[in-house]
Amino acid sequence: MKRGIWPALALFFVAPLVAEFLLGNLPIKLLPALVVLAPLYGGGALLIREVVRRTGRGWPSILLLGMAYGLVEEAFTTQSLFNPNYLRLNLGLLTPAYIPSLGIGAWWTLWMLMVHSIWSISTPIALIEACVSDRARTPWLGRVGLGVVAVLFLFGVVATTLMGYRQDHFMASPAQFAGAAIVIVLLIVLAFRVPAERRHAADRIAPSPWILGLVSLAFASAAMLVPKEWGWGAVAALLALILGMLLPVEAWARKGTMLMTHQLALGAGAALAYGWHAFLQHPAVGGLDVSVRVGNAIFLAGAIGLIWFAARRNAGVNRQPADGAV
């Protein structure tokens, strides 16, 4: 388990860096916020990754648990799914495709489920596992380490919740909290109903990792550019992009055609889409100045460096299988 400490620590810090800083949501001057964000994002990604690998399951389970994580953060920690004026920023997040009976915006809910499942959780796991392909399908932590991560994650959830409530005293209704809790439980149950074993075929028909990486970058970039003003059209566009990417990947994975280099390619495409789009985004906190764009460049360079390192590590072992869809 000592050999698993380093990839576990890497995932613990890469997850929040991807989720908030590579995205451009937070500027580089707020790096000290990792004290809270690393336990929240990194703790969540580590817990999901360890539980899935210990039970022999694959990427479908990670994606479903990533959605459950997204609901924990956005329904309970930030309550952004229900708050019509989140943190008094006047962003109108719930207006597109608003559902009055539930008090949520269909676009924002789908966007958050997608963002957290694919980017906050799956992308960091895919990249770090690719850096240690010989240990990509084995647990990295023992029981004590897993317990420590669980405590850190709980700290991140509580600390983030208190910080958010201090800025905005909004409180969702009991029915909304209950509904979110039920969906979280259903997602967790579904994640562990996914069969642990995969059927592998002899013939390899998956596309080149380079092509898959470019397609991943194109689909992820397109998702970032869908205007929320389209309302239900934006919901339909996001669903089409998600299904158009994940269904073929899952089909290839079930046939045993996905290698570790394919996993890296998919994670790299998603990460690079975040990285370039950050230059078009205004940070959620603070003003827009030169330091923000310098930070965007630094985080994008860091992502490219991590991808390069993982690619070098897999240069001679590209036959390592990558079970399940990324």
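Bear in mind the structure is a predicted one, so any value in this text is a computation, not a measurement.

(A) The arrangement of a nonpolar patch on the surface in detail. On the surface, a nonpolar cluster with roughly 430 Å² of combined accessible area is contributed by Ile5, Trp6, Leu9 and Phe13. Position of Phe13 among the secondary structure elements: in helix α1 (residues 5-22). Its relative accessible area of 39% is what places Phe13 among the partly exposed residues.

(B) Highlighting helix α7 (residues 209-225). With 17 residues, α7 extends 24 Å from end C-alpha to end C-alpha; this agrees with the ideal 24 Å at 1.5 Å per step. Residues Leu212, Gly213, Ser216, Ala220, Ser221, Ala223 and Met224 constitute the buried set of α7. Projected down its long axis, α7 carries its buried residues within an arc of 165°, all on one side. Seen from the buried face of α7, the exposed residues on the opposite side, beyond 90 degrees, are Trp210 and Leu214. Looking at the buried side of α7, the elements it contacts are α4 (106-131), α8 (232-254) and α9 (260-277).

(C) The environment of Ser291, seen in detail. Residue position: Ser291 is located in helix α10 (residues 290-313). Accessibility expressed as a relative area gives 28% for Ser291, which makes it partly exposed. Taking C-alpha positions, Ser291 is 11 Å from Leu30, a pair spaced 261 residues apart along the chain. With sequence-adjacent residues up to four places away left out, Ser291 is seen in contact with Ile28 and Lys29. There is a polar contact of 2.5 Å between the side chain of Ser291 and the side chain of Asp289.

(D) Quick peek at the packing of α4 against α9. In contact at an axis separation of 8 Å, α4 and α9 are set at 130° when each is read in the N-to-C sense. One element, α4, and the other, α9, form an angle in the oblique class. As α4 packs across α9, the resulting crossing turns out to be left-handed. Contacts from Val115, Trp119, Thr123, Ile125, Ala126, Leu127, Glu129 and Ala130 of α4 reach α9 at Met260, Gln263, Leu264, Gly267, Ala268, Ala270, Ala271 and Tyr274.

Conventions adopted
- One numbering rule holds for all chains: residues counted from 1, following each sequence as written.
- In keeping with the model being predicted, local features are shown solely for residues with a pLDDT of at least 70 and side-chain atom pairs are shown and tallied solely at 80 or more, while totals for entire chains, interfaces and linings include all residues.
- Based on all heavy atoms of the structure, the side-chain values leave hydrogens and waters out of the count.
- The residues that make up patches have over 30% relative accessible area and no salt bridge, and they are joined within 9 Å when like-charged or within 5 Å when they are Val, Leu, Ile, Met, Phe, Trp or Tyr.
- Per-residue and other accessible areas follow the Shrake-Rupley method at a 1.4 Å probe size, with only the shown protein chains counted as cover for residues.
- The salt bridge criterion pairs a side-chain nitrogen of Lys or Arg with a carboxyl oxygen of Asp or Glu, the two atoms within 4 Å.
- Numbering of helices and strands starts at the N terminus; helices are DSSP runs of H or I of at least 4 residues and strands are runs of E of at least 2.
- Partly exposed describes any residue whose relative accessible area lies between the buried limit of under 20% and the exposed limit of over 50%, with all areas from a 1.4 Å probe on protein chains only and scaled to the type maximum.
- To estimate the expected span of a helix, subtract one from its residue number and multiply by 1.5 Å.
- Each C-beta atom gives one direction from the helix axis, and the arc is the one those directions make.
- Working rule for contacts: check all heavy atoms of both residues, and any pair within 4.5 Å makes them a contact.
- Any pair of N or O atoms that falls within 3.5 Å is considered a polar contact. Within protein, one atom must be able to donate a hydrogen and the other to accept it, and sequence-neighbouring residues count only if both atoms are side-chain atoms.
- To obtain an axis, a line is fitted to C-alpha atoms, over the contacting stretch when the element is a helix, and the angle between two such axes runs from 0 to 180 degrees between their N-to-C directions.
- Geometric relationships in this document are graded by angle, where less than 35 degrees denotes roughly parallel, more than 145 denotes roughly antiparallel, 65 to 115 denotes roughly perpendicular, and other angles denote oblique.
- In a left-handed crossing the near helix is turned counterclockwise from the far helix by less than a right angle, and in a right-handed crossing that turn is clockwise.

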